Amino acid sequence: MDVREVRDYGELSRAAAALLLEWVADFSSPSIVLPTGNTPLGCYAALAADPRARALTGARLIQLDEYHGIARDDPRNLAEWLMRALLRPLAIPAARLQRFDSSAGNAAAEAARMEEIVEAIGIDVAILGLGPNGHIGFNEPGSIFDSPTRLIELTPESIRSNAAYWGEGRVPPFAFSLGLGTLARARRTLLLVSGERKADILAETLNGPISPTVPATYLRALSGAVVIADQLALRKWRGGRG
Ligand code: GLP
């Protein structure tokens with residue numbers, strides 16, 4: 001895997017925005033998978049400040065993951081998070097975002113609908129974050145590498161870590177995620193990792209056995225995935241290399 005070390009979060013955010021703009025320049029109407037979480041926020045802010053990012057107004061955006069069982073206007077709704085963090089600042093019309101319906105009654109049908117859309121559009125660029133337990137999107141440990149888009153029961157660890165955004169007892173127990181098999185078809189993939197609390201799981205992702213136990217290791221089975229990580233996140237990995 002192509003691991004690019006940057007000094008800190010600011011540098012990570014600028015490097016991610018620059019690489020995304022470089023990649024999308026190869027496509028006339030690029031389709032881009034977008035994560036939420038805190039890690040990509042600096043990249044989104046860097047894009048909002050960069051006039052070249054106007055190229056993204058013609059992009060087709062695809063939501064990586066979403067909670068299930070909450071209203072579309074619930075503050076926890078992750079599509080709304082993306083709207084606030086990226087689409088509105090860049091004046092990208094809401095209709096450009098392919099989003100999960102967090103309030104869907106029939107979750108299996110909703111997951112299948114998104115899978116079909118992604119299949120039809122294709123993924124030119126996937127931007128991803130790393131869960132503290134190695135999840136990608138909400139593909140929790142145990143997710144097989146050819147898993148499709150589906151509804152997933154969150155692990156207690158993910159519920160705990162996501163409580164940092166919403167508060168204890170406020171994290172929905174189920175979520176939709178594009179599958180690892182779905183994401184594996186992306187033409188280009190970029191994983192963003194920042195901070196010391198990700199150091200252990202990033203070292204496992206980069207050096208440990210390739211296995212569904214750490215879903216992010218599917219990235220090593222792809223050709224050409226890029227990781228941009230800051231020094232704190234890469235601390236254990238560097239130690240591992242001696
Ligand atoms: C959440 C999201 C993921 C995200 C991850 C990391 O659980 N479902 O898509 O990438 O956590 O979040 P953060 O960037 O805040 O560490």
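Reading the values: the criteria
- Residues numbered from 1 in each chain as written.
- Predicted model: local features only at pLDDT ≥ 70, side-chain atom pairs only at ≥ 80, totals over all residues.
- Heavy atoms only, no water.
- Near = heavy atom within 4 Å.
- Polar contact = N/O pair within 3.5 Å; in protein donor to acceptor, adjacent residues only side chain to side chain.
- Areas by Shrake-Rupley, 256 points an atom, 1.4 Å probe, with all protein chains shown as cover.
- Pairing = 2+ DSSP bridges.
- Helix = DSSP H or I, 4+ residues; strand = E, 2+ residues; numbered from the N terminus.
- Right-handed = clockwise from strand over helix to strand, strands pointing away.

Peer 1: Just to check I follow, could you spell out the site of the ligand for this structure?
Peer 2: Taken together, the neighbourhood of the ligand is formed by 14 residues, with Asn-38, Thr-39, Asp-65, Tyr-165 and Lys-198 sitting nearest. Separating a nitrogen atom of the ligand from a backbone N or O atom of Gly-137 is a distance of 3.3 Å. In this structure, an oxygen atom belonging to the ligand sits 2.5 Å away from a side-chain N or O atom of Tyr-165. Taken by itself the ligand offers 390 Å² of open surface, and the protein chains cover 97% of this.

Peer 1: What's the story with the sheet that holds strand β1 (residues 2–6) in this structure? I'm lost.
Peer 2: The strands making up a sheet associate through backbone hydrogen bonding, with each pair oriented either parallel or antiparallel. Taken in spatial order, the seven strands make up an open sheet running β1-β10-β9-β6-β2-β3-β5, and their pairing is parallel. Edge positions in the open sheet fall to β1 and β5 (97–98), since each of these has one partner strand only.

Peer 1: What am I meant to see in the pairing of strand β3 (residues 60–63) here?
Peer 2: For a regular strand, side-chain orientation follows a simple rule: the groups alternate between the two sheet faces. In terms of strand pairing, strand β2 (residues 31–34) meets β3 through four bridges, oriented parallel. Directly across from Ile-32, in β3, lies its bridge partner Leu-61. A crossover connection joins β2 to the parallel β3 through helix α2 (residues 41–48); in handedness this β-α-β unit is right-handed. Sheet analysis places β3 next to β5, joined by two bridges and oriented parallel. From the neighbouring strand, Ile-62 faces β5, where its bridge partner is Gln-98.

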